[in-house]
Amino acid sequence: MGFGRPELKSTHLLEIKALTVEFPMDQGVLRAVDEVSLSLARGESLGLVGESGCGKSVMAQSILGLLPPPGRVRAGEILFDGMDLVKLSPPELRKVRGRRIGIVFQEPMRSLNPVLRCGEQVAEVLRAHRGVRGGEARAQVCAIFEQMGFHDGGDLYDAYPHQLSGGMRQRVMIAVALACDPCVLLADEPTTALDVTIQAQIISLLARLKRARNLSVLFISHNLALVSEACERVAVMYAGRIVEVAPVAGLFDKPWHPYTRALIACLPGVDDATRPTPIPGEVPHPLALPGGCRFRDRCPEARAACGKEPPLVEGEAGHWVRCWVAQEAVGRNHDAE
Amino acid sequence: MRSSSGVVVLENVGKTFRMGGTPFQPPRSVDAVREVSLSIDRRESLGLVGESGSGKTTVARIMVGLLEPTRGSVCFEGRDLFSASAGELRMLRRHLQIVFQDPESALDPRQTVFQALFEVLQVHGLIRSGKGREQIRSLLKMVDIRWEDAHRYPHQLSGGQCQRVGIARALALEPSVLVADEPVSQLDVSTQAQIVSLLADLRGRLGLTVVLIAHDLSVVRQVVDRVAVMLGGWIVEMAPTEDLFSRPLHPYTRTLLEAVPRARPFTGSFARTASRPLGQWSAPRSPAACPFAPRCPDGTSACAARIPDLAPADNPAHLVRCRWQ
Ligand SMILES: Nc1ncnc2c1ncn2[C@@H]1O[C@H](COP(=O)(O)OP(=O)(O)O)[C@@H](O)[C@H]1O
Ligand SMILES: Nc1ncnc2c1ncn2[C@@H]1O[C@H](COP(=O)(O)OP(=O)(O)O)[C@@H](O)[C@H]1O
Ligand code: SF4
Ligand SMILES: [Mg+2]
Ligand SMILES: [Mg+2]
């Protein structure tokens, strides 16, 4: 779209450094995100995967300053265009949110206002961040809708959210998120509540918009297959920690972490009759983490060394892993070369 | 059609919901199920798959006797559910249990797991004297819930655990048929795999007849014997699982198959999904139209006028409703 985007200073659009997020609770301090570092380049799509309860949503909420109380960023930095978002005041953060960083959540019904026509909700964003008003706003909103593949933007403008299907509502949410031409889109399980067919449409819409606008996308999902179709790079999160980061091809070629392999093995294969292998047990609660490697209780490879928590190390350029056994295997391969 | 010797037999079942008709709302009706005939064999496992609104839940509720169809009949072991007396229906319904989609809201938030199971057993007079605790222990064991968790409340359990408790509650009545209505749609992939394989194991161990409902074909692929694909209140294709996946005949089935995300590295092209038209399609004009006609690449005016019959295609067990097959 024709809006100029303010120029950005660093090569990494978004850089998260050693972020730790905690919820002080009666039973103790719940650390949902533990020293997570991640970066997102301009025009890149990064997937964040893990089972539910791993801390993916808390990550997204802390980037946007939307942590529900009593959550707070305990340590770390979230650098965006030279600013540390952690240090911004709520009004300053509001300017970034929506205007420069767009958000799409799992449940559009919760994020949309039920008594406002869909078009108005998009126009509202244009008004708040750009001062666009009246007929001009309506025209711009209809243009956005049409760009998103709606044949008649006007009809959609006048519809209320409850009159739409889940997939249509999610598209309206995407229009709200992208109305101000942000440079980063955070999508937290945007298709999890939708049918597979609608999911496929939303994913291809996001991909098209990403390319057309050179957007950087942080795509959060519990489904590694979906992430592999939508993203160039993947970070695997387990119990508040990043356990593996790699380009998608590298991750499927050489899934180093036993958890990554388990996530691949539990995918339902539609093209063959092999039963998916479930991962035994559940993600440990942040208040009841096992000592040492957090995946230890569920890991088929666990051994004595795993009683100490492994560090995140770079085994190959751009391919990081947090596992003693993987680290050793990669080291051996390097020695052999 | 297969022989009607099945344990559950639906014949020409249809359901029309009527709404409105108040001074403020004009009467309106929705044909949730158009015409479904289905015979499920004892110990068979059937997958019922289709997008939301296709009528899966309505069929499920009719099948277990919770909802009376507008047209057609439902038989369980040869007895017609809806011509039975109220008392007889209650008796028959015990053998037909259903597990719902949203695991947490299907449980009473004020009851612990133990209390929930105890109540079900008690209401149906199934507690063997002094054995209640044992019975509950073995039910929980069956669904892999630890005994320590028996005294927890639903909000203290994960989604997967709630779904296991829901299954245990259904099994408490020792049903012969278990209908699971999208039991995994709200769970993450790893938990989906756990629940689906639990259902498959239970079926083997208890000799259950299982109907597994999903909107995603990949969920049922490895665990059912036969798949029925629903769209717009019709079964548009039905076949033994291997036939359906190796030779999907209805264009809607192919759309569903294509939509499943594959574990394959990003190419940036999105050739697969980008080729499909976006969203929005209007309801078919004629009520008898093929519900896929507005989206179908091969649709003709004949398709928009009338949906063809469900007819055998390449083999007698592979049925499809499409004039090109
Ligand atoms: N508002 C909150 N209060 C207390 N704990 C929370 C809150 N939100 C999330 N958590 C905890 O933080 C952990 C990570 O949650 P979340 O980020 O939602 O996981 P994911 O999105 O990966 O499923 C979980 O253990 C969850 O219980
Ligand atoms: N109690 C009801 N009253 C009115 N309409 C209903 C009712 N239950 C379902 N429907 C309608 O019937 C159609 C089929 O619904 P349903 O059986 O729930 O489909 P599915 O389970 O495949 O999503 C939908 O259009 C739905 O809105
Ligand atoms: S460090 Fe040990 S327990 Fe942890 S993932 Fe690696 S092998 Fe498994
Ligand atoms: Mg989440
Ligand atoms: Mg349903």
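Residues numbered from 1 in each chain as written. Chains lettered and ligands numbered in written order. Predicted model: local features only at pLDDT ≥ 70, side-chain atom pairs only at ≥ 80, totals over all residues. Heavy atoms only, no water.

*Asks:* Any details on the site of ligand 1? Residues and values, ideally.
*Replies:* Residues and elements named next belong to chain A. Not every one of the 14 residues close to ligand 1 is listed here, only the nearest: Gly53, Gly55, Lys56, Ser57 and Val58. Between Lys56 and ligand 1, the recorded distance is 2.8 Å, taken from a side-chain N or O atom to an oxygen atom. A distance of 2.8 Å separates an oxygen atom of ligand 1 from a polar side-chain atom of Ser57. Relative to its free-state accessible area of 560 Å², ligand 1 is covered by the protein chains to the extent of 73%. Those elements giving two or more residues to the shell around ligand 1 turn out to be β1 (12–25), β2 (28–41) and α1 (56–64). (Near = heavy atom within 4 Å. Polar contact = N/O pair within 3.5 Å; in protein donor to acceptor, adjacent residues only side chain to side chain. Areas by Shrake-Rupley, 256 points an atom, 1.4 Å probe, with all protein chains shown as cover. Helix = DSSP H or I, 4+ residues; strand = E, 2+ residues; numbered from the N terminus.)

*Asks:* Explain the sheet that holds β1(A) to me, and be specific about the residues and the numbers.
*Replies:* Residue and element names in this part refer to chain A. Judged by pairing direction, the sheet is antiparallel, and its 4 strands sit side by side in the order β2-β1-β4-β5 without closing on themselves. In this open sheet, the two strands that pair with only one neighbour each are β2 and β5 (83–84). Across 2 bridges, strand β4 (residues 72–80) lies against β5 in antiparallel orientation. Directly across from Phe80, in β5, lies its bridge partner Met83. Its contacts with the sheet put α1 on β1, β2 and β4, and the angle it makes with β1 is roughly 110 degrees. (Pairing = 2+ DSSP bridges. Contact = heavy atoms within 4.5 Å. Axes fitted to C-alpha atoms, helices over the stretch in contact; angles between N-to-C directions.)

*Asks:* So what's going on with the sheet that holds strand β8 (residues 216–221) of chain A? Residues and values would help.
*Replies:* Residues and elements named next belong to chain A. Strands sit in the order β6-β7-β8-β3-β9-β10-β12-β11 across an open sheet of 8 strands; the sheet is mixed. One side of each edge strand has no neighbouring strand; the edge strands of this open sheet are β6 (101–104) and β11 (313–316). Pairwise comparison of adjacent strand axes, ignoring direction, gives a mean angle of 20 degrees for this sheet. Bridge analysis of strand β3 (residues 45–49) against strand β9 (residues 233–238) gives 4 bridges, and the strand direction is parallel. Pairing of Val49 across the sheet is with Val236, part of β9. Sitting on the sheet, helix α11 (residues 258–265) is in contact with β3, β9 and β10 (241–247), with an inclination near 105 degrees to β9.

*Asks:* So, the site of ligand 2: which residues are in play, and what are the values?
*Replies:* Residue and element names in this part refer to chain B. The immediate surroundings of ligand 2 are formed by Phe17, Met19, Val30, Ala32, Glu51, Ser52, Gly53, Ser54, Gly55, Lys56, Thr57 and Thr58. Here an oxygen atom of ligand 2 sits 3.0 Å away from a polar atom, N or O, in the main chain of Gly55. Separating an oxygen atom of ligand 2 from a side-chain N or O atom of Lys56 is a distance of 2.8 Å. Breaking the shell around ligand 2 down by element, the ones donating at least two residues are β1 (8–19), β2 (28–40) and α1 (56–63). Considering each element in turn, the shell around ligand 2 owes the most residues, 3 residues, to α1.

*Asks:* Tell me about the packing of aromatic side chains, residues and numbers included.
*Replies:* Two aromatic rings are characterised by how far apart their centres lie and by the angle between their planes. Residue and element names in this part refer to chain A. All told, the structure shown has 6 aromatic pairs over all chains when counted by the stated rule. Ring geometry for Tyr238 against Phe295: centres 5.1 Å apart, planes inclined by 80 degrees, an arrangement best described as edge-to-face. One end of the pair, Tyr238, is in strand β9; the other, Phe295, is in the loop between α11 and β11, with 57 residues separating them in the sequence. Accessibility expressed as a relative area gives 2% for Phe295, which makes it buried. An aromatic cluster of three or more residues is present, and its members are Tyr238, Tyr259 and Phe295. Directly above the ring of Tyr157 sits Arg138, whose terminal nitrogen or CZ lies 4.2 Å from the centroid. (Phe/Tyr/Trp six-rings, centres within 6.5 Å; stacked < 30°, edge-to-face > 60°. Buried < 20%, exposed > 50% of the residue type's maximum accessible area, 1.4 Å probe, protein only. Lys NZ or Arg CZ within 6 Å of the ring centre and 35° of its normal.)

*Asks:* Please provide a residue-by-residue account of the layout of surface pockets, values included.
*Replies:* Put simply, the second largest pocket is a space of about 730 Å³. Along the wall of the second largest pocket there are 21 residues; nearest its centre are Glu282(A), Arg146(B), Asp149(B), Ser158(B) and Gln161(B). Secondary structure elements with two or more residues in the lining of the second largest pocket: α5 (159–171) and α6 (189–206) of chain B. For the lining of the second largest pocket, the leading source of residues is α6(B), giving 4 residues. (1 Å grid on protein atoms, 1.4 Å probe; cavity = no way out; pocket = protein on both sides within 12 Å on 5 of 7 lines; lining within 4 Å. Points joined across faces, edges and corners; volume = space filled by probe spheres on them.)

*Asks:* Before we move on, can you summarise the pairing of strand β3 (residues 45–49) of chain B with the specific residues and values?
*Replies:* Consecutive residues of a regular strand have side chains that alternate between opposite faces of the sheet. All names here are of chain B. Where burial is concerned, most of β3 is hidden: 5 out of the 5 residues are buried. Of the two faces of β3, the one holding Ser45, Gly47 and Val49 and the one holding Leu46 and Leu48 are both buried throughout. Here 5 bridges tie β3 to strand β8 (residues 209–214), and the two strands are oriented parallel to one another. For Leu48, the partnering residue across the bridge sits in β8 and is Ile213.

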